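Letter by letter, the chains look like this.
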Amino acid sequence: MKKKNCSETQIVAILKQYEGGREAMDVCREYGISKATLFNWRKKYSGMEAAQLKELKALQAAAARTKTVD
């Protein structure tokens, strides 16, 4: 199955819809993601804003680069 790349703002918007009371299956069907993906995102990114999520991903990418350089 093709991996979808969602932007930070999309992830935050999807999580806010789910936390706002929408059913998980409805949100997943609308955005074409699996239920497991939604719950993994919720576990990782719940309570974050788009800017915080973008900063977190940038830090993770920088850490990965430094690990491969060594």
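Further up the page is the structure itself.
I will try to describe carefully the structure that is included in this document. Within any chain, residue numbers begin from 1 and follow the written order of that chain's sequence. At least 70 in pLDDT is required for a residue's local features to be given in this predicted model, at least 80 for side-chain atom pairs to be given and counted, and no such filter applies to totals for whole chains, interfaces and linings, which use all residues. To obtain the side-chain values, all non-hydrogen atoms of the structure were included, while hydrogens and water were left out.

**Here's the deal with helix α2 (residues 24–31)**
Line of reasoning, step 1. For α2, the set of buried residues is A24, V27 and C28. For α2, the angular spread of the buried residues around the axis is 95°, confining them to a single face.
Line of reasoning, step 2. When checking whether two residues touch, look at their non-hydrogen atoms; a contact exists if any pair is within 4.5 Å. Secondary structure elements are taken from DSSP: a helix is a run of H or I of four residues or more, a strand is a run of E of two residues or more, and numbering for both begins at the N terminus. Those residues of α2 hidden inside the fold are in contact with α1 (8–19) and α3 (35–45).
Line of reasoning, step 3. Downstream of α2 by one or two residues, G32 has phi in the positive range, about 70°. Under the scheme applied here, a residue whose accessible area is under 20% of the maximum for its type counts as buried, over 50% as exposed, and between as partly exposed, the area being computed with a 1.4 Å probe on protein chains only. Starting at the helix axis, one direction is taken to each C-beta atom, and the arc is that of these directions.

**Details of the pattern of salt bridges**
Line of reasoning, step 1. Take a side-chain nitrogen of Lys or Arg and a carboxyl oxygen of Asp or Glu: if they are within 4 Å of each other, that pair is a salt bridge. By the definition in use, this model includes 3 salt bridges.
Line of reasoning, step 2. Residue E30 is joined to R22 by a salt bridge in which the shortest nitrogen-to-oxygen separation is 2.8 Å.
Line of reasoning, step 3. Exposure remark for E30: the relative accessible area of 47% places this residue in the partly exposed category.
Line of reasoning, step 4. Where R29 meets D26, a salt bridge forms, and the shortest distance between an N and an O atom there is 3.4 Å.

**Thoughts on the nonpolar core**
Soluble globular proteins tend to bury their nonpolar side chains together.
Line of reasoning, step 1. Here the nonpolar core consists of buried residues drawn from Ala, Val, Leu, Ile, Met, Phe, Trp, Tyr and Cys, with membership extended through side-chain atoms lying within 4.5 Å. Counting residues in each nonpolar core, the largest one holds 14 residues, and the members touching the most others are I11, I14, L15, I33, L38, W41 and Y45.
Line of reasoning, step 2. Looking at this core, the elements with two or more residues in it are α1, α2 and α3.
Line of reasoning, step 3. Top contributing element to this core by residue count: α1, with 5 residues.
Line of reasoning, step 4. Residue contacts for L38: discarding those within four places in its chain leaves I14, L15, Y18, A24, C28 and I33.

Just distances and angles here, no functional claims.
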